[in-house]
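The lines below spell out each chain.
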Amino acid sequence: MNKAKPYSISKLVVWKAYMSVKANKGTAGVDGESITDFERGLKNNLYKIWNRMSSGSYFPPPVRTVAIPKNDGGQRKLGIPTVSDRIAQMVVKLYLEPLIEPCFHPDSYGYRPGKSAVEAVKVTRQRCWRYDWVLDVDIQGFFDNIDHTLMMRAVRYHTDCPWIILYIERWLQAPAQSEDGTIVKRDRGTPQGGVVSPLLANLFLHYAFDEWMRRTCPNIPFERYADDVIAHCKTKDQAEWLLTMLEKRLSECGLKLHPKKTKIVYCKDDDRQGSYLNEKFDFLGFTFRPRRSKNRWGKYFVNFSPAVSSKAATAMRRTMRQWNLHLRSDKNLDDLSRMFNPILQGWINYYGSFYKSAMYPVFKTLNRTLSRWATRKYKKLRRHRRRATHWLGRIASRQPTLFAHWKLGVRPAAGQ
């Protein structure tokens, strides 16, 4: 610590913030500086961050705005801070998170230490078995519409540390730089992509939604992952009442529900009679809907369960196409498995947590692509896709762990 500085910020925390940002990787901000570039003058660059934050003279640069496509055909705008700014934000997060994390609701799962999306999906599945109805909540443009006054009121409730308050205010007000270089001032929202933004978003919704639910409808359980919310109701009337009340509550907080994506869903299964307009919903990459299952005695029944969503499966296929496997004839199978197994295993670990067989069509597509690769790689297999599939199948029998999806039994076979 330096007694001459108005704010006491640990240099060790700045170092930890840098290590965390480095581990998360990420692209360059408006200054075009990558982490590799930053590390060329690492000691001096970290000192500048500490010195400016400790003296109160740190001002965040504009956030680089990048538009990425959404599954519904629209675009989501990500705000990418510079490497230095990400480190500065991480410093604040490392100080602030321990103060507010213990206050958060146990059913808030997004961007929290010790919580996961799989855990949220598991709890959602169990509650769908106990409650007949669901309110699938979609908050329209949440990150872009956070009220700064309400946000800072929540921050001040949990800390009186002047430099944390100062820098959060500056980050909220920092302008955005569009892809064409235009500078856009911001009086609402926090950029999706900022290091401190998920923590602030959780804090905002803790008071806008979680605490309101606890006070207003304590008998309606919910799961929230950032701004994705599922609430469980015993009756359709209760779901309709909650929808009306929630519209009013979010309006008080400067937010509104998406009119098309927010919907009431009937969790239909063998024990629930009748039907309803909506009998499925998506949550965290999974589609919940009635599915045919087999119990321990081999008897089939219908239950309301999650499996990988069609949107997630499409995204996986899109990623696999970007690999251009059929053009990698300079590689052998061992090379390909080393290159892509970490991604495949990640998909399996997440989407295979529930109803694993729903992923099989995606991996069969990959097997066909590998067969196509073999026809370009080896002369004896050219123009013989069936022969290439048999050849690949024999390898899969001898080396079933070569590719992550082969371990599931999804191996090349004639007719795939």
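As shown above, the structure is provided for reference.
Residues numbered from 1 in each chain as written. Predicted model: local features only at pLDDT ≥ 70, side-chain atom pairs only at ≥ 80, totals over all residues. Heavy atoms only, no water.

Enquirer: Can you break down the sheet that holds strand β7 (residues 228-233) residue by residue, with the values?
Expert: Taking strand neighbours across the sheet as the criterion, the four strands line up as β6-β7-β3-β8 in an open arrangement whose pairing is antiparallel. At either margin of the open sheet sits one strand with a lone partner, and together these are β6 (222-225) and β8 (263-266). This sheet shows a mean twist of 20° between the axes of neighbouring strands, independent of strand direction. The sheet contact formed by strand β3 (residues 133-138) and β8 spans four bridges and is antiparallel. Within β8, the residue paired with Asp136 across the bridge is Lys263. Contacts from helix α9 (residues 236-252) reach β3, β7 and β8 within the one sheet, and its direction differs from that of β3 by about 20°. (Pairing = 2+ DSSP bridges. Helix = DSSP H or I, 4+ residues; strand = E, 2+ residues; numbered from the N terminus. Axes fitted to C-alpha atoms, helices over the stretch in contact; angles between N-to-C directions. Contact = heavy atoms within 4.5 Å.)

Enquirer: Which residues make up unusual backbone geometry, and what are the values?
Expert: The residue Lys25 is not glycine, and still its phi comes out positive at about 60°. Looking at where Lys25 falls in the secondary structure, it is placed in the loop between α1 (11-24) and α2 (35-40). Under the relative-accessibility criterion, Lys25 is labelled exposed at 60%. (Buried < 20%, exposed > 50% of the residue type's maximum accessible area, 1.4 Å probe, protein only.)

Enquirer: Kindly report on the side chain of Ser305, identifying the contributing residues and their values.
Expert: In this fold, Ser305 is placed in strand β11 (residues 300-308). Under the relative-accessibility criterion, Ser305 is labelled buried at 6%. A polar contact of 3.0 Å, which involves the side chain of Ser305, links it to the side chain of Asn303. When neighbours within four sequence positions are excluded, Ser305 is seen to be in contact with Trp129, Thr287, Phe288, Arg289 and Arg291. (Polar contact = N/O pair within 3.5 Å; in protein donor to acceptor, adjacent residues only side chain to side chain.)

Enquirer: Describe in detail the packing of aromatic side chains, supporting the description with residues and values.
Expert: Tallying each qualifying case throughout the model produces 24 aromatic pairs. Seen from their ring centres, Tyr157 and Tyr207 are 6.1 Å apart, and the 80° between their planes marks the pair as edge-to-face. Within this pair, whereas Tyr157 is found in helix α6 (residues 148-158), its partner Tyr207 is found in helix α8 (residues 197-216), the two being separated by 50 residues in sequence. You can call Tyr157 exposed: its relative accessible area is 65%. Judged by centre distance (5.6 Å) and plane angle (50°), the ring pair of Phe286 and Tyr351 falls under tilted. Residue Phe286 is found in strand β10 (residues 286-294), and its partner Tyr351 is found in helix α11 (residues 333-351); the two are separated by 65 residues along the sequence. One aromatic cluster in this structure is built from Phe286, Tyr350, Tyr351 and Phe354. The cationic tip of Lys11 hangs over the ring face of Trp50; the distance from NZ or CZ to the ring centre is 4.5 Å. (Phe/Tyr/Trp six-rings, centres within 6.5 Å; stacked < 30°, edge-to-face > 60°. Lys NZ or Arg CZ within 6 Å of the ring centre and 35° of its normal.)

Enquirer: Got a sec to walk through the nonpolar core? Specific residues and values, please.
Expert: Met53, Ile87 and Trp163 are the most contacted members of the largest nonpolar core, which has 71 residues in total. When sequence neighbours within four positions are dropped, the list of residues in contact with Trp163 reads Tyr7, Ser8, Ile9, Met53, Val91, Val92 and Tyr95. (Core = buried A, V, L, I, M, F, W, Y, C linked by side-chain atoms within 4.5 Å.)

Enquirer: Tell me about the packing of α1 against helix α4 (residues 83-100), and please be specific about residues and values.
Expert: Closest axis-to-axis distance for the α1/α4 pair is 8 Å, and the angle between their directions is 115°. Regarding α1 and α4, the two cross each other, and that crossing is right-handed. Packed against α1, whose contacting residues are Val13, Val14, Lys16, Ala17, Tyr18, Ser20, Val21 and Asn24, the element α4 presents Arg86, Ile87, Met90, Val91, Leu94 and Tyr95 at the interface. (Left-handed = near helix turned anticlockwise from the far one by under 90°.)

Enquirer: Talk me through the sheet that holds strand β9 (residues 281-283); I want residue IDs and the actual numbers.
Expert: The three strands lie next to each other as β9-β10-β11, forming an open sheet whose pairing is antiparallel. Every other strand in the sheet has two partners, leaving β9 and β11 as the edge strands with one partner each. Across the sheet, the axes of successive neighbouring strands diverge by a mean angle of 50°, strand direction being ignored. Sheet topology places β10 next to β11; nine bridges connect them, and they run antiparallel.

All quantities given are derived from atomic positions and should not be read as evidence of function.
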